[in-house]
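Secondary and tertiary structure notes
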Amino acid sequence: MTRIAVCGGVYSNPYALRAFLADARARGADELYCLGDLGGYGAEPDAIWPLLVDNGVTVVAGNYDVAIGRGDTDCGCGYSDPRDNEFAQLMYDFTLAHTSADYAQWMTTLPTERRFERDGVDVHLVHGSTLALNDFWWESLPEDQQRLRVQASGADLILCTHSGLPWQKRVDDTLVVNVGVLGRPANDGRREVWYAIVDLVDGRATAELVPLDYDWQAQAASMRAGGLPDAFVETVESGWWTTCLEIVPPYERSKGRYQLYRSALPSGFEAEAVSWADAPEVVDDGLPVVPLFGSPMFPPRLWLYTNFHCNLACSYCSVASSPQARKRSLGLTRVKALVDEAVMEGFTEIYLTGGEPFLEPDIVEMVMYATERLDVVLLTNGMLYQGWRLEQLKRLAGRERLVLQTSIDAASPEGHDVNRGRGSWQKAMDGLRLAVDMGLPVRVGMTETPENTGEVEPLRALLATMGIVGKDFAVRPLVQRGFSTTGAEIGEDNTVPELAYTADGVHWHPAGADVETSPDMLLAAHPSADTPVPLAEGKRLAVERFLTLRRADGSLPLVYNCAV
């Protein structure tokens, strides 16, 4: 058996390289390899050369090393976005200026790949991939692209780096291992960096990806002393990438903290969007990047469909709720768990909706639990405040962090009842007045149709007599979803995500949270009733899908919000 230790992307980080040398020896490595990109990112490029030579590390050249050796004007990293290239150029210029002539000359002697056999295993060492020196071999590449790179080699074991993210998988009979990099963390919130230990025995290779602790504080101090940008140092200290994001595919990028450059956020967002809700404020923390979640492109608002059965059968219900709807409810236990998950995941608001939530016997218990932790909006048609339900409603009087949102479509019964059923306007108005009299904060949402457009101002005036003014009254457009066959066509390609959670699964948007009528907006179905999709995974899936759609045409979608 032969045990080899393989690292990549040293990136001028002598502190991590020393830790690699010590850790690999402690694990019994017989041979040490480095897959290139010796410079970049860190402030001490010349400290790397003696560590490699004195410790007998066999080196494959990366694109950085080829470029430095030739004295090129850029790193040849393979970035395509100008913002990625801007940061890459800063790194390269610093490295070129701080690399000695002798070290650069030594780099010109390095091969760009190595191939050998050990213990019956054909091993191929490359920097980017078997196709190109600066090819990014991502874990998420489609199967045909994985196979293309494997077939270009034919080796039993292929080891690569360049992308900066460690992974391994078998493609047909070949084990492919991206060993990660030593120069910066793997965009996972950990300060450790990564390398691989590979065992070669009896014609078969197995690999272990090793998280490596090292003196990251010293590396950060060195970078600051060298005058490198704070964004570079932030990654070393936090474990999250703050530069060179656009090259990262949606799957990998969705796992990080940051997904967009700050300059990619649209301006005049509210004015251009089909929305009335205020866009979340994006705090300027000095970093060039922002998380998608919590920005105007993915508000931190969680929709929980407590149920789908309803006392009404509105003709334009976007989620096809009615008295005959397939009954499915989250239940009190699941709602409590989701509230707790929402707090951990950074949501700031929860919208409890349905169906009609007051058909759920535990709705008030859900509200009381949620309002202890988050701002809560309870969407109801306001028609069921009688008997036991009225007594339950009284428990919410004076409750902080709670708003009741009721749907009213006109200032008179005619414009409302035509879509919601005879007598529904009067009952809804009675319920609204009762809530106001109880001191409950209320809002009203009006769905505008071609028939009731003229009711907007009369309804606004009527509500004002009840003290419901300003942003507490909003008009939302009719959409073609659920029962509705007219209105605005919305889908994942022209809306931003507002995560909705139901008994069926996790959905892109609350206006498409019914799996039967809006299967295109389902992000993930629950594997079973006992194994629901974690909220963190639902959030990640929304980010991944957003980035996939954005990558397809470079556009940023508008907003259709269901919330006031």
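Structure report, in brief. As the structure is a prediction and not an experimental result, all values here were calculated from the model.

Analysis parameters
Residues numbered from 1 in each chain as written. Predicted model: local features only at pLDDT ≥ 70, side-chain atom pairs only at ≥ 80, totals over all residues. Heavy atoms only, no water. Salt bridge = Lys/Arg side-chain N within 4 Å of Asp/Glu carboxyl O. Helix = DSSP H or I, 4+ residues; strand = E, 2+ residues; numbered from the N terminus. Pairing = 2+ DSSP bridges. Contact = heavy atoms within 4.5 Å. Axes fitted to C-alpha atoms, helices over the stretch in contact; angles between N-to-C directions. Buried < 20%, exposed > 50% of the residue type's maximum accessible area, 1.4 Å probe, protein only.

Let's shift gears to the pattern of salt bridges. A side chain of one charge can pair with a side chain of the opposite charge when the charged atoms of the two come close. Within the structure shown, the criterion is met by 35 salt bridges. One salt bridge in this structure joins Arg190 and Glu192, with 3.3 Å as the shortest N-O distance. Residue Glu345 is joined to Lys539 by a salt bridge in which the shortest nitrogen-to-oxygen separation is 3.0 Å. With Glu345 in the loop between helix H11 (332-344) and strand E14 (349-353) and Lys539 in helix H17 (residues 535-553), this residue pair connects regions lying 194 residues apart in the sequence. Salt bridges linked by common partners bring Arg326, Arg328, Asp504, Asp514 and Glu516 together as one network.

This part covers the sheet that holds strand E18 (residues 473-477). Taken in spatial order, the nine strands of this open sheet run E18-E17-E16-E15-E14-E13-E19-E20-E21, and their pairing is mixed. Where the open sheet ends on each side, the last strands, each with one partner, are E18 and strand E21 (522-525). Here strand E20 (residues 505-507) runs beside E21; their pairing, made up of three bridges, is antiparallel. If you follow Val506 over to E21, its bridge partner there is Ala524. Strands E14, strand E15 (375-380) and strand E16 (402-407) of the sheet are contacted by helix H12 (residues 363-371), whose axis makes an angle of about 155 degrees with E15.

A word on helix H14 (residues 413-420). Burial in H14 covers these residues: Gly415, His416, Asp417, Asn419 and Arg420. Of the surrounding secondary structure, the elements contacted by the buried residues of H14 are E16, helix H15 (424-437) and strand E17 (442-448). Within two residues after H14, Gly421 carries a phi angle of roughly 110 degrees, on the positive side.

Everything listed here is a matter of geometry and, on its own, says nothing about what the molecule does.
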